Amino acid sequence: MLDNLFVLSQYLTPQHTLSRTVGMLADCKQPQIKDAFIKWFINRYQVNMAEAAKENPSDYPCFNDFFTRELKPGLRPLADDSTQISCPVDGAISQLGDINHGKIFQAKGQDYSLIDLLGGDVARAKPFMGGKFATIYLAPKDYHRIHMPLAGTLREMIYVPGKLFSVNPLTAEKVPGLFARNERLVAIFDTEHGPMAMVLVGAMIVAAIETVWSGQVAPPVRQLKVTEYPAEPTNPITLNKGDEMGRFKLGSTVVLAFPENMVEFKEELMAGSVVRMGQAFGKLPNA
């Protein structure tokens, strides 16, 4: 009963207004406010500040700077074997597996459309049909920068407006098509081994999504926006494996998609597996 009430409350809550209001609080630089907020958050979610480049909570100008904190150098060694892909984030696997008939498994009794996830364009989704997907949930205590699983050149960025439901496991079980309903940013990269889609999914209280090439993604009008990048630009946006590609200001979920036969995930990975950015996540059988 309590679980159902929690999910129902999300339908009734003014999701965007609440999230933007919290976002303004998270940008507050008043020491008395931001220090109290940061310390409460660390205690509430058991954040491991020993991993942070700045361990003292008061050293962060605002909550958002704390939330997107850097880690100490060398803490997340990269799977540097050229035949492997690395995990893009710290978090826990929600689901991973095959994209069957254009559907991605969300939770027991729930799946959603790959086409919808990527912004509604059939041609954009076609290369990933029959391929593999991985959905990784970032809890509040996690490191919230997102890194490249392998080297790639940006081809297309799509902002998709939508709801802001929570993306925790409970909501994933209860809200149909959750990841294809929430606001999200889709980045399509070309790699040596084929295309790769990285989808940064917004959620309740997520104040913003950023990328390293465009900064904060917050269109003045909440409507679908496609930005294409030329195949041979003067200054292509090319990122190496392990490079930061974006970050969440308050946590959410990343969905990866790969074409058929491009990637084989590590056998030990399954729903619920805790993962760390940089660890070996899968191999490229044709590398």
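Residues numbered from 1 in each chain as written. Predicted model: local features only at pLDDT ≥ 70, side-chain atom pairs only at ≥ 80, totals over all residues. Heavy atoms only, no water.

- Per an unreviewed UniProt entry, the protein chain carries the name Phosphatidylserine decarboxylase proenzyme and comes from Alkalimarinus alittae.
- According to UniProt, the comment filed for the protein chain under the heading Subunit (unreviewed entry) is "Heterodimer of a large membrane-associated beta subunit and a small pyruvoyl-containing alpha subunit."
- What UniProt records for the protein chain under Subcellular location (unreviewed entry) is the sentence "Cell membrane". (UniProt positions renumbered as here; feature names shortened; annotations may be inferred.)

## Some thoughts on the overall build of the protein chain
- A tally of regular secondary structure across the protein chain gives eight helices and 18 strands.
- Here the protein chain, with 287 residues, has 53% of them falling under the buried criterion.
- If you take every contact in the protein chain between residues at least 6 apart in sequence, the share linking residues at least 24 apart comes to 77%.
- Working note: accessible area of the protein chain is about 13400 Å², and carbon and sulfur atoms make up 52% of it. (Helix = DSSP H or I, 4+ residues; strand = E, 2+ residues; numbered from the N terminus. Buried < 20%, exposed > 50% of the residue type's maximum accessible area, 1.4 Å probe, protein only. Contact = heavy atoms within 4.5 Å. Areas by Shrake-Rupley, 256 points an atom, 1.4 Å probe, with all protein chains shown as cover.)

## A short note on the sheet that holds strand 14 (residues 244-249)
- The strand order across the open sheet built from four strands is 6-14-10-11, with neighbouring strands paired in antiparallel fashion. What marks the edges here is a single partner per strand, and that holds for strand 6 (145-147) and strand 11 (215-216).
- In this structure, strand 10 (residues 208-211) lies alongside strand 11, joined through two bridges in antiparallel fashion. Residue pairing for strand 11: Glu-210 is matched across the bridge by Gln-216. (Pairing = 2+ DSSP bridges.)

## Regarding helix 3 (residues 31-45)
- For helix 3, built from 15 residues, the straight-helix expectation of 21 Å at 1.5 Å per residue is met to within 8% by its first-to-last C-alpha distance of 21 Å.
- The set of residues buried in helix 3 consists of Lys-34, Asp-35, Phe-37, Ile-38, Phe-41 and Ile-42. Projected down its long axis, helix 3 carries its buried residues within an arc of 160°, all on one side. Set apart from the buried face of helix 3 by more than 90 degrees, the exposed residues are Gln-32 and Asn-43. (Expected span 1.5 Å × (residues − 1). Arc of directions from axis to C-beta.)

## So, the side chain of Arg-69
- Tracing the sequence through the fold places Arg-69 in the loop between helix 4 (63-67) and strand 1 (84-86).
- Within the buried core, Arg-69 has no salt-bridge partner, and the shortest N-O distance to an opposite charge, that of Glu-51, equals 6.9 Å.
- Only 3.2 Å separates the side chain of Arg-69 from the backbone oxygen of Lys-141, close enough to count as a polar contact.
- Excluding its chain neighbours within four sequence positions, the residues that come into contact with Arg-69 are Val-47, Met-49, Ala-52, Tyr-60, Lys-141, Asp-142, Tyr-143 and Arg-145. (Lys, Arg positive; Asp, Glu negative; His and termini not counted. Salt bridge = Lys/Arg side-chain N within 4 Å of Asp/Glu carboxyl O. Polar contact = N/O pair within 3.5 Å; in protein donor to acceptor, adjacent residues only side chain to side chain.)

## Digging into the nonpolar core
- Residues Phe-189, Met-245, Phe-258 and Phe-281 are the most contacted members of the largest nonpolar core, which totals 36 residues.
- Each residue touching Phe-189, except ones within four places of it in the same chain, is listed here: Met-148, Gly-152, Thr-153, Leu-154, Arg-155, Gly-194, Pro-195, Met-196, Met-198, Trp-213, Leu-239 and Met-245.
- If you look at the next biggest cluster of nonpolar residues, it comprises 23 residues, including Leu-118, Phe-133, Phe-165 and Val-186. (Core = buried A, V, L, I, M, F, W, Y, C linked by side-chain atoms within 4.5 Å.)

## A short note on the environment of Ala-197
- Along the polypeptide, Ala-197 turns up in strand 9 (residues 194-201).
- Ala-197 gets classed as buried once you look at its relative accessible area, which sits at 0%.
- Between the C-alpha atoms of Ala-197 and Phe-133, which are 64 residues apart in sequence, the distance is 9.3 Å.
- Setting aside residues up to four positions removed in sequence, Ala-197 forms contacts with Leu-118, Phe-128, Ala-187, Ile-188, Val-255, Leu-256 and Ala-257.

## With respect to the sheet that holds strand 1
- Reading across from one edge, 1-18-16 is the order of the three strands in this open sheet, with antiparallel pairing throughout. Of all the strands in the sheet, the pair left with one neighbour each is strand 1 and strand 16 (264-265).
- With two bridges joining them, strand 16 and strand 18 (residues 280-283) adopt antiparallel strand pairing. Across the sheet, the residue bridging to Glu-264 is Lys-283, located in strand 18.

## Looking at the UniProt feature "active site" (unreviewed entry) in the protein chain
- The UniProt record annotates "active site" (unreviewed entry) at Asp-90, His-147 and Ser-252. Judged by maximum C-alpha separation, these annotated positions cover 163 residues in sequence but sit close together in space, the widest gap being only 14.5 Å.
- Tracing the backbone through its elements, the reader meets His-147 in strand 6.
- Look past the residues within four positions of His-147 in its chain and what remains in contact with it is Pro-88, Met-198, Gly-242, Asp-243, Glu-244, Met-245 and Met-277.
- Here Ser-252 lies in the loop between strand 14 and strand 15 (253-258).
- By relative accessible area, which is 0% here, Ser-252 ends up buried.

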